[in-house]
Amino acid sequence: AQSVTQLDSQVPVFEEAPVELRCNYSSSVSVYLFWYVQYPNQGLQLLLKYLSGSTLVKGINGFEAEFNKSQTSFHLRKPSVHISDTAEYFCAVESTSGSRLTFGEGTQLTVNP
Amino acid sequence: EAGVAQSPRYKIIEKRQSVAFWCNPISGHATLYWYQQILGQGPKLLIQFQNNGVVDDSQLPKDRFSAERLKGVDSTLKIQPAKLEDSAVYLCASSLGPSGSGSSYEQYFGPGTRLTVT
């Protein structure tokens, strides 16, 4: 079984500042890793995913994440955030052999002017 | 391309009543998922269908929850009778196929149905 821990439940930042949302996972097998974003009253939208290859993954809206196998982490970063990035962000994991998608508890990113 | 459609968007019922949610996945998507998202938590998979067959329902409270996907397209999720702890957002998602054997298919989520049980 897999599990995901998002280390910060809330992250407030000012507009144009850099941000990092932290995610650690636990698994005894190889995994795929994902970041989803959820805007208020909407479903989840995929930001980026790591399947294999380069450990630095670039996604939509200027976000990127780095897979670190030794630290079992998949932190999400953006060099300069906008007000419109205010949303809930979820890290998720599934095994490469096809287990269910397991989500973390979420991190609320609030970008202030 | 139309996205995943869900209805209703909001529902308020009293405990011990029954309720049903409907989902229409993206055309051509063989795999359909129902998730429960309790306030302040990440989504939790309730049931996964491959066409009209159940792949994973290990986290579905089968004494009160049921789901079906007739003809392998639309799906309904039912709760009978509802409890206070069932208050949550119920998300439907679909993908071209199931993940596994070295492949991963992106899941596309609908807007969800917010259920309040009073």
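Basis of the calculations
- Residues numbered from 1 in each chain as written.
- Chains lettered and ligands numbered in written order.
- Predicted model: local features only at pLDDT ≥ 70, side-chain atom pairs only at ≥ 80, totals over all residues.
- Heavy atoms only, no water.
- Contact = heavy atoms within 4.5 Å.
- Buried area = accessible area lost by both parts, 1.4 Å probe.
- Salt bridge = Lys/Arg side-chain N within 4 Å of Asp/Glu carboxyl O.
- Phe/Tyr/Trp six-rings, centres within 6.5 Å; stacked < 30°, edge-to-face > 60°.
- Buried < 20%, exposed > 50% of the residue type's maximum accessible area, 1.4 Å probe, protein only.
- Helix = DSSP H or I, 4+ residues; strand = E, 2+ residues; numbered from the N terminus.
- Pairing = 2+ DSSP bridges.
- 1 Å grid on protein atoms, 1.4 Å probe; cavity = no way out; pocket = protein on both sides within 12 Å on 5 of 7 lines; lining within 4 Å.
- Points joined across faces, edges and corners; volume = space filled by probe spheres on them.
- Nonpolar A, V, L, I, M, F, W, Y, C, P; charged D, E, K, R; others polar.

**What to know about the interface of chain A and chain B**
Each side of the interface is counted separately: chain A has 20 residues, and chain B has 25 residues. Here chain A packs against chain B, burying approximately 1,700 Å² in sum over the two surfaces, 46% of which is carbon and sulfur. Looking only at chain A, the three residues that lose the most surface to chain B are Asn41(A), Leu44(A) and Arg100(A), adding up to 31% of its buried area. Inspection of the chain A/chain B interface yields one salt bridge. Two residues, Asp56(B) and Arg100(A), come together in a salt bridge whose shortest N-O distance is 3.2 Å.

**Description of the packing of aromatic side chains**
Evaluation of the coordinates by the stated rule reveals 13 aromatic pairs over all chains. Here the aromatic rings of Phe34(A) and Tyr36(A) are separated by 6.3 Å at their centres, their planes lie at 35°, and the arrangement is tilted. Owing to a relative accessible area of 3%, Phe34(A) belongs among the buried residues under this scheme. According to the relative accessible area criterion, Tyr36(A) is buried, its value standing at 1%. Through a chain of ring-to-ring contacts, three or more aromatic side chains come together here, namely Phe34(A), Tyr36(A), Phe90(A), Phe103(A), Tyr33(B), Tyr35(B) and Phe109(B).

**Re the pairing of strand β5 (residues 31-38) of chain A**
All names here are of chain A. Among the eight residues that make up β5, eight are buried, leaving the element largely enclosed by the rest of the structure. Taken together, the eight bridges between β5 and strand β10 (residues 87-95) define a ladder with antiparallel strand orientation. Bridge pairing in β10 links Val 37 to Tyr 89. Where β5 and strand β6 (residues 44-50) come together, six bridges link them in antiparallel fashion. Each residue of the ladder has a partner; that of Trp 35, found in β6, is Leu 48. Between the antiparallel neighbours β5 and β6 lie five residues, among them Asn 41 with a positive phi of about 60°.

**Let's talk about the layout of surface pockets**
For the largest pocket, the calculated volume is near 510 Å³. Around the largest pocket, the lining comprises 27 residues; the ones closest to its centre are Gln38(A), Gln37(B), Leu39(B), Val89(B) and Arg114(B). Looking at the lining of the largest pocket, the elements with two or more residues in it are β10 of chain A together with β9 (88-95) and β11 (113-117) of chain B. A total of four residues in the lining of the largest pocket trace back to one element, the largest contributor, which is β11(B). Tallied by class, residues from the lining of the largest pocket come to eleven nonpolar, twelve polar and four charged. Where the lining of the second largest pocket is concerned, the elements lending two or more residues are β11 (102-103) of chain A together with β4 (31-37), β5 (44-50) and β6 (53-56) of chain B. Considering each element in turn, the lining of the second largest pocket owes the most residues, four residues, to β4(B). Class assignment of the residues belonging to the lining of the second largest pocket gives a composition of ten nonpolar, 13 polar and five charged.

**As for the environment of Val19(A)**
All names here are of chain A. As for its placement among the helices and strands, Val 19 is situated in strand β3 (residues 19-21). As a C-alpha pair, Val 19 and Leu 109 span 90 residues in sequence and 9.0 Å in three-dimensional space. With residues near it in sequence (within four places) discarded, Val 19 still touches Val 11, Val 13, Leu 76, Arg 77, Lys 78, Val 81 and Leu 109.

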